[in-house]
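Structure assessment
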Amino acid sequence: MEYNPEFLSQCFLHTLSPQPEPRRAAESKLTELADHPNYALAVLRLVAEPSINEQIRHAAAVNFKNHLRSRWAPSPDSSFTPILDAEKDQIKILIVTLMLSSTPLVQSQLSESLSLIGKHDFPKSWPTLLPELVSNLRAASQSNDYASINGILGTANSIFKKFRYQYKTNDLLLDLKYCLDNFSAPLLEMFLRTAALIDSMFSSGGGSPVTLKPLFESQRLCCRIFFSLNFQDLPEFFEDHMKEWMAEFKKYLTNGYPVLESSAEGLGVVDELRAAVCENISLYMEKNEEEFKDYLNDFAQAVWTLLGNVSQSSSRDSLAVTAIKFLTTVSTSVHHTLFAVDGVIPQICQSIVIPNVRLRDEDEELFEMNYIEFIRRDMEGSDIDTRRRIACELLKGIAANYKQQVISIVSVQIQNLLTSYAANPAAQWKDKDCAIYLVVSLSAKKAGGTSVSTDLVDVQSFFASVIVPELQSQDVNAFPMLKAGALKFFTMFRNQILKTLVLQLFPYLIQFLGAESNVVHSYAASCIEKLLLVKDEGGRSRYTSADVAPNLLVLMNNLFTALRFPESEENQYIMKSIMRVLGVAEITPEIAGPCIAGLTSILAEVCKNPKNPIFNHYLFESVAVLVRRACERDISLIPSFEASLFPRLQEILGNDVTEFLPYAFQLLAQLVELNRPPISDTYMEIFKLLLSPDSWNRNSNVPALVRLLQAFLEKAPEKVTQEGRLAQVLGIFNRLVSAPSTDEQGFYVLNTVIEKLEYGAIAPYVGHIWNALFSRLQSKRTVKFIKSLLVFMSLFLVKHGSANLVDSMNAVQAGIFLAILEQFLIPNLKLITGRIEVKLVSVASIRLICESPSLLDAGAVRHWGKMLDSIVTLLSRPEEDRVGDEPEMPDIAENAGYTAAFVNLYNAGKKEEDPLKDIKDPKEFLAASLVKLSALSPGKFPQIINENLDPENQAILLQICSTYNCPIV
């Protein structure tokens, strides 16, 4: 590309225009130019041109960074043209010098750009970078040019971060050694030189905030680089110079810097450095405890003292959290005896834990202004870096070795807090909240379940005296944070609360759904939802439809009404509760009508702008569970459900609401399955659309489309064989099975065709089916494909007989059946999993060796024996290895989004059918089949068994036959 600074400058100027026309034209032109060679180089040179306006240069620097992000090392499936190697080399030569000579605004962008390149090329493809950075660092150090120094350190910090997060491999350790060899000494030199400058300024009483801030920022960056370089192991250089590092670290924790700390901004700069120091000493405490032990006492005392002086201001949260984390690490180490000194644990509780657990103004503001973030922190455990949570983690750490002391002290504190509250409830409500929070946060989850326990209080007594009064409060809007804490306690300890008491309190829970506070009605909904999941011993649900029935109408009304509160229109906790209640309650027409009307009304709104994937998933699950449970109970409801749902589903399909298409197809499949033949014309129009090749262009829709196609194949097999539809169905199978990403879905289609249609209907197409499968087996063979092929062959055999299976395969290529048997079926039989699949494949294989002339032929003795050996191996595997537990309704992960390939609707799932219901036990079937076969040829098969089964399988086979009283003759 020809370098024309004037033209490029004008383009970037227009990208800043508030007018859409010139801005879009300029952006379009730059996008076009970006595909030309040397574009990045031209933009970088424009950034370096001092005569150009800084705003334009900044816009160009941002464009340059984004250009590198997409084109320096584009992914294989990217449409972007990669930057050529010659251009890359020129950029690497220029970028460091340009970054250091730029203004701060531009420098930050070029530093990020440099880090992007370093992520891919450093150090192997950019060996000159580190020496150049070191050389410039030393030059800038001599002139005390801290703008350049911090630019270099910031860049080094970015490129060294990979040592914190990547897995330890030989390549990573080689890169780390290269960085340590070249940067450890210059880093220490810079750190000590800056430390001396800071000391001299404070000792002479000089230094202003303007001159000091860059120095403290430099030290912070040195500390972050220290963290990266020490993360994998303790390097020899840092061990040798530990004394120098630790002396300075301690200084920053113990010294005061009034010139800076007198302003909020300056205090923030100092606190960031102290937090970085706390992270470094925590790292050494965790990973290099033996080498660090001589410094531990001094640092523990320094951190302890520092915490006593850290205010409750949210601006100091980062320092408070990292400092408490350090003490927590010490508390769980072999040096925990530091906490055994008389008075230490009470002092920690009084001066560190309680002040940091108490609610602050910031917590109240978050509660009121951003309920979703509050719940994530408070209920869902994303508060690990908050003062409240980390203070409780410190207590837990101490309790690991001093449990009784902690229980005794905290129990007294809890009682004191409750006494304070009782003296003046209106003024001291935060004391009660603090007491509840301590009990909840210090509880321990029991292994292998959802139950929690605590030794701090008697749960039943605490619940009755502290929690129940809040739940039975007449005003659901009074002291909402206290109400939320009570509901959280109820939810956490739900397994321990007696059923009779829960049922008495259930109407009060329903009332809280009407609370104005988003947090309170969300917690009430979540509490109801979690209660309905409680299981007693044996896995039996504690709460049944009979328990819900007395309050069901008002419960459903309040749940739907709660969705009308401002900011709760798409409240995922309420929608999840609706789903759970509908899954438990007895769905009568009186309940079904208002619920389907409410759900479809919400669906109409979210279709306009799908923005909350978790809420939307539970919305569709709610529809699915309502359709399933209501219509299975009363099929007369189907027409009214169709009347409510069809307009919404047609809207999704007609407007191509991409996020909802998989859900719509799954709901349609559910409705098709619930209908009784004949299938209506409305559904046949959908079937027609389903058979169109264009419907299958998006892979994210494929599983749901297959689910819908299976429903039609099952409910209207006679329609499938008319008007050339079967050829279209098999065309879809062929398309799906040819790609590894969709081959499993292709087999689902094929298996349903084989299972639901008569052999006469499919016979003309069988040769094409085998050709497609053999072609794929030859070109892109995978274990998953082979397993699916074995299941298909087995289903074919049990539905249409071994003769049709063998003959149709051999008709494609003579002798191919035995070749497939030897190369794929026999070796892979043992890989089959799943209760129905194992039964199907084993029974089919048994029938094959006992009924098929091709295997009973004298020339196939070896195949027969090896096949039996594989059958015995499959059936002898432990039950848990062969059969997975039936999954319950899974939770949708918090980070779930529409980028996922497919989200399955649990409540609209296809029921797995056993094609061999008449056979209860495949082992018994094996024994009986072998006895019948032996009776036809006495003495023949024991010899084959001895020659082809390994000794262990021979013993297993004899045991099976003995168990079922079927000795092989």
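Keep in mind it's a predicted model, so treat the numbers as computed, not measured.

Thresholds applied
- Residues numbered from 1 in each chain as written.
- Predicted model: local features only at pLDDT ≥ 70, side-chain atom pairs only at ≥ 80, totals over all residues.
- Heavy atoms only, no water.
- UniProt positions renumbered as here; feature names shortened; annotations may be inferred.
- Helix = DSSP H or I, 4+ residues; strand = E, 2+ residues; numbered from the N terminus.
- Salt bridge = Lys/Arg side-chain N within 4 Å of Asp/Glu carboxyl O.
- Polar contact = N/O pair within 3.5 Å; in protein donor to acceptor, adjacent residues only side chain to side chain.
- Contact = heavy atoms within 4.5 Å.
- Buried < 20%, exposed > 50% of the residue type's maximum accessible area, 1.4 Å probe, protein only.
- Axes fitted to C-alpha atoms, helices over the stretch in contact; angles between N-to-C directions.
- Parallel < 35°, antiparallel > 145°, perpendicular 65-115°, else oblique.
- Nonpolar A, V, L, I, M, F, W, Y, C, P; charged D, E, K, R; others polar.

Observations regarding the UniProt feature "domain: Importin N-terminal" (unreviewed entry) in the chain
- Sites flagged by UniProt as "domain: Importin N-terminal" (unreviewed entry) map to residues 26-101.
- Split by type, residues 26-101 is 70% helix and 0% strand. Its first and last C-alpha atoms lie 28 Å apart.

Thoughts on the pattern of salt bridges
- Under the criterion given, the structure shown has 49 salt bridges.
- The partner of aspartate 455 in a salt bridge is lysine 403, and the shortest N-O contact between them spans 3.0 Å. Of this pair, aspartate 455 sits in the loop between β2 (452-453) and α24 (459-471) while lysine 403 is found in helix α22 (residues 403-423), placing the two residues 52 residues apart along the sequence.
- By sharing partners, the salt bridges in this structure join Glu261, Asp271, Arg274 and Arg316 into a single network.

Some thoughts on the side chain of threonine 752
- With respect to the helices, strands and loops of the structure, threonine 752 is situated in helix α39 (residues 743-756).
- A polar atom in the side chain of threonine 752 sits 2.7 Å from the backbone oxygen of tyrosine 748.
- Those residues in contact with threonine 752 that lie beyond four places of it in its chain are Gln710, Leu713, Glu714 and Leu757.

Here's the deal with the environment of arginine 735
- Structurally, the position occupied by arginine 735 is in helix α38 (residues 725-737).
- Assessed through its relative accessible area of 36%, arginine 735 is described here as partly exposed.
- A sequence separation of 39 residues divides arginine 735 from tryptophan 696, and the C-alpha atoms of the two residues are 9.1 Å apart.
- With near-sequence residues (within four places) excluded, arginine 735 lies in contact with Pro693, Trp696, Asn697 and Thr742.

Thoughts on the packing of helix α19 (residues 361-369) against helix α25 (residues 480-492)
- At a minimum axis separation of 11 Å, α19 and α25 run at an interaxial angle of 80 degrees. In terms of orientation, α19 and α25 fall into the roughly perpendicular class. Residues Asp363, Glu364 and Phe367 of α19 touch α25, and the partners they reach there are Pro480, Met481 and Ala484.
- Its residues assigned to classes, the contact of α19 with α25 comprises 4 nonpolar, no polar and 2 charged.

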